Amino acid sequence: MRPFLKLLKIVAILVWSVFVVAPFLWALTTSFKTANGVTNGATYLPWIDYEPSLAAWKGLFGSDAGSIDIVGPFANSLIVTLSASFISLTLGTLVAYGLSRFRYKLGPISNADLTFFFISQRIMPPVVLAIPFFLMLGFLGLLDTILGLVLVYIALLLPIAVWVMVDFFNNIPKELDETAIIDGCTPFEAFWRVILPNSLPGLVVAGIFCIVFGWNDFFFAFTLTFTQTQLLPVAIVSLNSSVTPWWSLSASALISVVPLIVVAFLVERYLEKGNISGAKK
Amino acid sequence: MQGLTRYKLIFLLPGLLVLLAIILFPLFFTIRVSFSGWDAINPGLGWIGGTNYGRLLADSRFWQSLSRLTTIVLTSVALEYLLGFGLALLVWHQVRLRRITRVLFLIPMMTTPVVMAVIWRTIFHESLGPANDLAGLLGFGNIPWLTKPMWATIVVIVVDVWQWTPFMFLLLLAGLLSLPKEPFLAAEIDGAGPIRTFFNVTFPAMAPITVGALIIRLIEASKIMETIYVITSGGPGTSTETTGYYIFIRGLRDFQIGYAASLSVTYLVIMIVLLTIIAKSLVKVLVKSGN
């Protein structure tokens, strides 16, 4: 009975693992195909099922006819994601430290309400915000610009930064800042010199969350930009028409996803160290 | 005291003001727009009272999209919970297996949903994709994945389960790893088998984190629209059109801004009420009964 159960367990994990990697393997093999490998039904193994070619990959970086510009959108995505993440992390860390260390009282509003206000923004369906954002950015002349997208992404990422950092700061003993203040630091110096240098793990987790959510957004980039500022997911989805060959589609999809697979490995190391308390609660 | 107040504000105000400006202002603006007849021909805040809300009550496409959304969200989240918890239990006691599966299972939830949806669409292509290749191999013949309402709904759910089961897996595994050891030793001494131990010890101890994970997933899953846009575009017909996608079509495709705003406000209120009821009853059923 025992060895049978153990086998069943291994099979279950194996089946799920195959399901998890299948789309990536499919995209990888498709990216080396030419028309012959696609239009005659599904093929899987290079050299055996079809003759592999590097055409799709060359097309992503080349500038000849039929090539796809992926470098520009990639750079745009990088700029928007990193600047919005940096600003959100900065503002979010300040807010989180305030909420974790001081008592706020404004009529009936207290710390718990403020924290809830920040985090609850995640409940908002994107489509509810898309229409006012569209009108607002249009009014400010920021539609289809990097700056406009950064503003919008701050609204998406700030709640995440606050959420992770409040929890992180709550787990740092208050005696640490109190000692610093007795030693003559101002509250801000205590935060800057004592607490912040000890908060690297929390900052890394919050930063990764911000980057992943920013990089993965499609909807706002899609509704608030047209031609001047194209982000990577929008560029790839716009290829998703009947004219674009599957091999180019697959190669560009892989390019956009690879940075995140690298990030996944980094996150796992933090998970093993148990520094992701923010996500556990 | 004066000094401390100043520092309190230095920390809180910048973030608070930014969020108020970027989220709260647009929200109030949307409520105002929902009472206007703003569209492509007559842009502006011309007051038309509750006309939009009256139209919405009779808009069966809107209400159908809500029931469709409910079906898709509840089915996906239930499957994700069962699969994620099952997988977490399988690797719980094996350190090496735990680390390998954790990296592997992290990948789907980190990758851009729409980009993976593009890949999934090629997989479910009816004549050229591997899904039907496999179905044929198993003797199911050619399945109309994207042209029959039922199958299109299943495809949407499969893609969601692929992407978000890892989230359940990670949270529940973290929960399992943080459980105290004593109750398990006690159960072993009492001679309880694995199934009794699960229902009497593991499951009740996991109730709080289960509720948290379910609520987060329900909130996130109810926003589903991007993958639907890519994979089915709401079709065939409107059979996979969720509420978010319908509002998007009305507002930013047909430019019936005023009407879309009234749909948005109604949708938001319904979501908040429904999610609060679900969250409260989950806490009642799972956490309270565990004690």
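Use the structure listed above.
Residues numbered from 1 in each chain as written. Chains lettered and ligands numbered in written order. Predicted model: local features only at pLDDT ≥ 70, side-chain atom pairs only at ≥ 80, totals over all residues.

S.K.: Could you give me a rundown of the overall build of chain B, with the residues and numbers involved?
M.R.: Counting secondary structure elements, chain B contains 12 helices and zero strands. Going residue by residue from the N terminus, the α and β elements of chain B occur as α-α-α-α-α-α-α-α-α-α-α-α. Considering only C-alpha atoms, chain B reaches an extent of 75 × 75 × 30 Å along its principal axes. Expressed as a percentage of its 291 residues, the buried residues of chain B come to 41%. Sequence-distant contacts, at least 24 apart, represent 69% of the contacts inside chain B between residues at least 6 apart. (Helix = DSSP H or I, 4+ residues; strand = E, 2+ residues; numbered from the N terminus. Buried ≥ 20, exposed ≤ 12 C-beta atoms within 10 Å, placed from the backbone. Contact = placed C-beta atoms within 7 Å.)

S.K.: Which residues make up helix α10 (residues 200-216) of chain A, and what values go with them?
M.R.: All names here are of chain A. Between its first and last C-alpha atoms α10 spans 24 Å; for 17 residues at 1.5 Å apiece the expected length is 24 Å, and the two agree. The buried fraction of α10 is high, at 12 of 17 residues. Within α10, burial applies to Gly202, Val205, Ala206, Gly207, Ile208, Phe209, Cys210, Ile211, Val212, Gly214, Trp215 and Asn216. (Expected span 1.5 Å × (residues − 1).)

S.K.: Give a description of the nonpolar core that names residues and reports values.
M.R.: Residues Val95, Ile154 and Ala161 of chain A together with Val118 of chain B are the most contacted members of the largest nonpolar core, which totals 148 residues. Here the element with the most residues in this core is helix α7 (residues 146-170) of chain A; it accounts for 19 residues. Contact partners of Ala161 of chain A, with chain neighbours within four places excluded, come to Ser88, Leu89, Gly92, Thr93, Ala206 and Cys210 of chain A. (Core = buried A, V, L, I, M, F, W, Y, C linked by C-beta atoms within 7 Å.)

S.K.: Hey, could you go over the environment of Ser65 of chain B for me, with residue numbers and the actual values?
M.R.: Residues and elements named next belong to chain B. Mapped onto the elements of the fold, Ser65 is located in helix α3 (residues 60-91). According to the C-beta neighbour criterion, Ser65 is buried, with 23 such atoms within 10 Å. With residues up to four places along the chain from it excluded, the contact list for Ser65 reads Glu241, Thr242, Thr243 and Tyr246.

Without other data, these values stay purely geometric and don't point to any function.
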